[in-house]
Amino acid sequence: ASIFVLVGCGSKTANLTPSSNKETVESIPDWYLNPPSDPSYLFSVAAATSRDVQMASNKAKTAARVDLAQQLETKMNNLTKNFQEEVGEGDDSELLQQFTSATKSVTSQTLNGSRLDQQQILPERGIYRAYVLMSIPIGDANRQLMQKIQENKNLYTRFRATEAFTELDAEIKELENK
């Protein structure tokens, strides 16, 4: 009998992506469905689930920060393939088509000043569902962008100066050899 008790006390798995029910949909915060709008801020909402309340919160905040970073800057690459072929003649012909598209987005952004504005965590069938609203002041984002541009400009200027000194050194050596 003790073997059956031990087997029954094993770890239970929880479905981290339960299907939505009426209660889940009704519990979504209004600010999640209609995020605020302010010309001085960028806003992002996200939701995540976990068996651990802190993990659910961390996952949602990370997803919201990724969205904020993508709002500031995202590099996109896309590969599209379109293939069409007609085989046969007249009424016996057959048109074959294939369309493929693959997209990759890359974001690398420092988010100074991002903050958690609202959070709601709800227990749901053995898990926690966290909803978050994050924001970042646009002024800080603009300063970060201008700083990045200035850093690139300074790097380019140093490169050009090094290149000019290399050319000058080569010319001096050439004159000395003559």
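For the structure itself, look to the data block above.
Below is a short write-up of the structure. (Residues numbered from 1 in each chain as written. Predicted model: local features only at pLDDT ≥ 70, side-chain atom pairs only at ≥ 80, totals over all residues. Heavy atoms only, no water.)

### A word on the overall build of the protein chain
In terms of regular secondary structure, the protein chain is built from 5 helices and 5 strands. Traced from its N-terminal end to its C-terminal end, the protein chain shows the element sequence α-α-α-β-α-β-β-β-β-α. Burial statistics for the protein chain: of 178 residues in total, 19% are counted as buried. Taking the intrachain contacts of the protein chain between residues at least 6 apart in sequence as the baseline, contacts between residues at least 24 apart amount to 65%. (Helix = DSSP H or I, 4+ residues; strand = E, 2+ residues; numbered from the N terminus. Buried < 20%, exposed > 50% of the residue type's maximum accessible area, 1.4 Å probe, protein only. Contact = heavy atoms within 4.5 Å.)

### Let's talk about the nonpolar core
Counting residues in hydrophobic clusters, the biggest one holds 13 residues, and the most contacted among them are Ala60, Ala64, Leu68, Leu111, Val132, Met134 and Ile136. Only strand S1 (41–50), helix H4 (53–72) and strand S5 (127–137) provide two or more residues apiece to this core. When residues of this core are assigned to their parent elements, the largest contribution, 5 residues, is made by H4. Phe43, Leu122, Tyr131 and Leu133 belong to the second largest nonpolar core, which has 5 residues in total. (Core = buried A, V, L, I, M, F, W, Y, C linked by side-chain atoms within 4.5 Å.)

### As for unusual backbone geometry
In the Ramachandran plot, arginine 125 falls in the positive-phi region, its phi being about 45° despite a non-glycine side chain. Its location among the elements puts arginine 125 in the loop between strand S4 (115–124) and S5.

### A look at H4
Think of an α-helix as turning once every 3.6 residues; residues three or four places apart then point the same way. The terminal C-alpha atoms of H4 lie 29 Å apart, and with 20 residues this matches the ideal 28 Å at 1.5 Å per residue to within 8%. Where H4 is concerned, the buried positions are Ala56, Ser57, Ala60, Lys61, Ala64, Leu68 and Ala69. Packing partners of the buried residues in H4 comprise S1, S4 and S5. N-cap assignment for H4: the residue whose side-chain oxygen lies 3.1 Å from the backbone N of glutamine 54 is aspartate 52. (Expected span 1.5 Å × (residues − 1). Polar contact = N/O pair within 3.5 Å; in protein donor to acceptor, adjacent residues only side chain to side chain.)

### Regarding the sheet that holds S4
Reading across the sheet, the 3 strands line up as S1-S5-S4 and stay open at both edges, with antiparallel pairing between neighbours. Here the strands that pair on one side only, and so sit at the sheet edges, are S1 and S4. Neighbouring strand axes in the sheet, compared pairwise and without regard to direction, differ in orientation by 10° on average. As defined by bridge partners, S1 adjoins S5 across 10 bridges and the pair is classed as antiparallel. The residue bridging alanine 47 from the neighbouring strand is tyrosine 131, located in S5. Across the face of the sheet, H4 comes into contact with S1, S4 and S5 while running at roughly 145° to S1. (Pairing = 2+ DSSP bridges. Axes fitted to C-alpha atoms, helices over the stretch in contact; angles between N-to-C directions.)

### What to know about the pairing of S4
Bridge analysis of S4 against S5 gives 9 bridges, and the strand direction is antiparallel. Note on S5: the bridge partner recorded for glutamine 120 is tyrosine 131. What sits between S4 and S5 in their antiparallel hairpin is a turn of 2 residues, with arginine 125 showing a positive phi close to 45°.

### Comments concerning a nonpolar patch on the surface
Residues Val53, Ile121 and Tyr128 make up a contiguous nonpolar surface patch of roughly 200 Å² in combined accessible area. Its location among the elements puts tyrosine 128 in strand S5. (Patch = residues over 30% accessible without salt bridge, like charges linked within 9 Å, V, L, I, M, F, W, Y side chains within 5 Å. Areas by Shrake-Rupley, 256 points an atom, 1.4 Å probe, with all protein chains shown as cover. Salt bridge = Lys/Arg side-chain N within 4 Å of Asp/Glu carboxyl O.)

### A look at the side chain of serine 57
Positionally, serine 57 belongs in helix H4. Not counting residues within four places of it along the chain, the set of residues in contact with serine 57 comprises Gln119, Ile121 and Ala130.

### What to know about the pattern of salt bridges
Inspection of every chain in the model, using the stated rule, returns 3 salt bridges. The partner of arginine 115 in a salt bridge is aspartate 117, and the shortest N-O contact between them spans 2.6 Å. The exposure class of arginine 115 is partly exposed, given its relative accessible area of 41%. The residue arginine 125 makes a salt bridge to glutamate 124 at a minimum N-O spacing of 3.8 Å. What emerges from the salt-bridge pattern is a single network uniting Glu124, Arg125 and Arg129.

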